[in-house]
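Structure at a glance
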Amino acid sequence: MIPQVRRIAAACALAASLAACGTSAAPGPAHPAPTGATASPSPTRPPQLAPGPGGLTPVFEHGPRTLGKFVALTFDADMTADEGPRAAAGEHFDNPDLIGALRTLKVPATIFMTGRWAEQYPAQARSLGHDPQFEVANHSYSHYAFTADCYGLPTVGAAHMRQDVERAYASLRQAGVPRPLPYFRFPGGCYDKQALRALQGVGVTAVQWDVVSGDAFATDADAVVKQVLDGVKPGSVVVMHCTRSAAPTTERVVRAVVPELRKRGYRFAKVSELIAQTNGYH
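Read on for a plain summary of the structure. Worth saying up front: this structure is predicted, and the values here are computed from it rather than measured.

Regarding the overall build of the chain
Within the chain, the secondary structure is distributed over 9 helices and 9 strands. Of the roughly 10,700 Å² that the chain leaves accessible, carbon and sulfur atoms contribute 53%.

Right, here's the structure in full:
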């Protein structure tokens, strides 16, 4: 899950605690459907940021602040590679009621999904991947950290980082997600230059956030609602989770936050739409 503080650049972007939401198929074309919130991206090539210095994987944190009151709600579908026994014992790493609430409220959203989650819940992964209200992106296969000291997560070595991301894309497609987007969220939000360099050849934009919801392991939905509403600005990317066992209040949070943000004049967008705005802005 995501911790409450944030480090950027050569460390990592952070948020609340992290206990979870192959082959060589690289991310292919995808086309997020229009939601009416912004000008739609190309139907054949999702918008991405240009590579960073030296060709490093680019990092996106939020959209433009001056192009209107748009906000992207993002949800991490976390499940680490070693949590299969917990799922078999009845622990729920999914949250169908949350997805149902988003559908009822007609809120577009971006789901960052681990490959292991897609293997555990293929029908849900397929449903999300075929629903134009949502876009599905990569959250690694294993949900192991790409840096050391990332909130107790196991780590993946630099030599295996690219393989872990590519294995996730293969798992998403095998589960029935037809066009997973070329966006990647580091487990825990933890990254450094070595991690950005390791993913150069994958062709992804790393997507972070500027609003930590605090829903990870939260029991007080009102406190999470306040934290989101206090943090949102035009162009914000909010990080939340769609894992019942580790984020049990998130559905209630969404049902409270969405109407209040709409009352404040905000419109909801997918990450692809904010990136498209950013590209046009620059």
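Here we look at helix 8 (residues 250–263)
Here helix 8 spans 20 Å end to end across 14 residues, near enough to the 20 Å set by a 1.5 Å rise per residue. Taken residue by residue, helix 8 has Thr250, Val253, Val254, Val257, Val258 and Leu261 as its buried positions. Elements in contact with the buried residues of helix 8: strand 2 (70–77), helix 2 (96–105), helix 7 (221–231), strand 8 (236–241) and strand 9 (267–268). Phi for Gly265, located one or two positions after helix 8, is positive at around 95 degrees.

Section: the state of the cysteines
Overall, the coordinates contain 1 disulfide when judged by the stated rule. Covalent S-S linkage joins Cys150 and Cys190, the inter-sulfur distance amounting to 2.2 Å. Taking the sign of the torsion about the S-S bond as the criterion, the disulfide between Cys150 and Cys190, at about 80 degrees, is right-handed. One end of the pair, Cys150, is in the loop between strand 4 (134–138) and helix 5 (158–175); the other, Cys190, is in the loop between strand 5 (183–184) and helix 6 (193–198), and 40 residues separate them in sequence.

Section: the environment of Arg255
Following the sequence through the fold, Arg255 ends up in helix 8. By relative accessible area, which is 41% here, Arg255 ends up partly exposed. Residue contacts for Arg255: discarding those within four places in its chain leaves Ala101 and Leu105.

Remarks on the pattern of salt bridges
Enumeration according to the criterion identifies 11 salt bridges in this entry. Here Asp76 ties to Arg185 by a salt bridge, and the two come within 2.8 Å at their closest N and O atoms. Note that Asp76 is positioned in strand 2 and Arg185 in the loop between strand 5 and helix 6, a separation of 109 residues in sequence. The same class applies to Asp76 and to Arg185, which are both buried. Asp94 is the partner of Arg244 in a salt bridge, and the nearest nitrogen-oxygen pair spans 2.8 Å. Within this pair, whereas Arg244 is found in the loop between strand 8 and helix 8, its partner Asp94 is found in the loop between helix 1 (84–88) and helix 2, the two being separated by 150 residues in sequence. Three or more residues joined by partner-sharing salt bridges are found here, namely Glu83, Arg86 and Glu91.

Structural notes on the pairing of strand 4
For strand 4, a buried count of 5 out of 5 residues is recorded, marking the element as mostly surrounded by other parts of the structure. Side chains of strand 4 alternate between two faces, with Phe134, Val136 and Asn138 and Glu135 and Ala137 buried alike.

Describing helix 7
Among the residues making up helix 7, those that are buried are Ala221, Val224, Val225, Val228, Leu229 and Gly231. Buried residues along helix 7 sit against strand 7 (211–212), strand 8 and helix 8. Structurally, the start of helix 7 carries an N-cap: the backbone nitrogen of Asp222 is 3.1 Å from a side-chain oxygen of Asp220.

Brief notes about unusual backbone geometry
Its identity as a non-glycine residue notwithstanding, Lys106 has a phi of 60 degrees, on the positive side. Looking at the element boundaries, Lys106 is found in the loop between helix 2 and strand 3 (109–113). For Lys106, a relative accessible area of 63% translates into the label exposed.

What about the side chain of Arg116?
Mapped onto the fold, Arg116 is located in helix 3 (residues 115–120). Buried within the structure, Arg116 lacks any salt-bridge partner; Glu119 is the closest side chain of opposite charge, at an N-O distance of 4.2 Å. When sequence neighbours within four positions are dropped, the list of residues in contact with Arg116 reads Met79, Thr80, Ala81, Gly84 and Tyr141.

What counts, and where the lines are drawn
- Residues numbered from 1 in each chain as written.
- Predicted model: local features only at pLDDT ≥ 70, side-chain atom pairs only at ≥ 80, totals over all residues.
- Heavy atoms only, no water.
- Helix = DSSP H or I, 4+ residues; strand = E, 2+ residues; numbered from the N terminus.
- Areas by Shrake-Rupley, 256 points an atom, 1.4 Å probe, with all protein chains shown as cover.
- Expected span 1.5 Å × (residues − 1).
- Buried < 20%, exposed > 50% of the residue type's maximum accessible area, 1.4 Å probe, protein only.
- Contact = heavy atoms within 4.5 Å.
- Disulfide = S-S within 2.5 Å.
- Salt bridge = Lys/Arg side-chain N within 4 Å of Asp/Glu carboxyl O.
- Polar contact = N/O pair within 3.5 Å; in protein donor to acceptor, adjacent residues only side chain to side chain.
- Lys, Arg positive; Asp, Glu negative; His and termini not counted.

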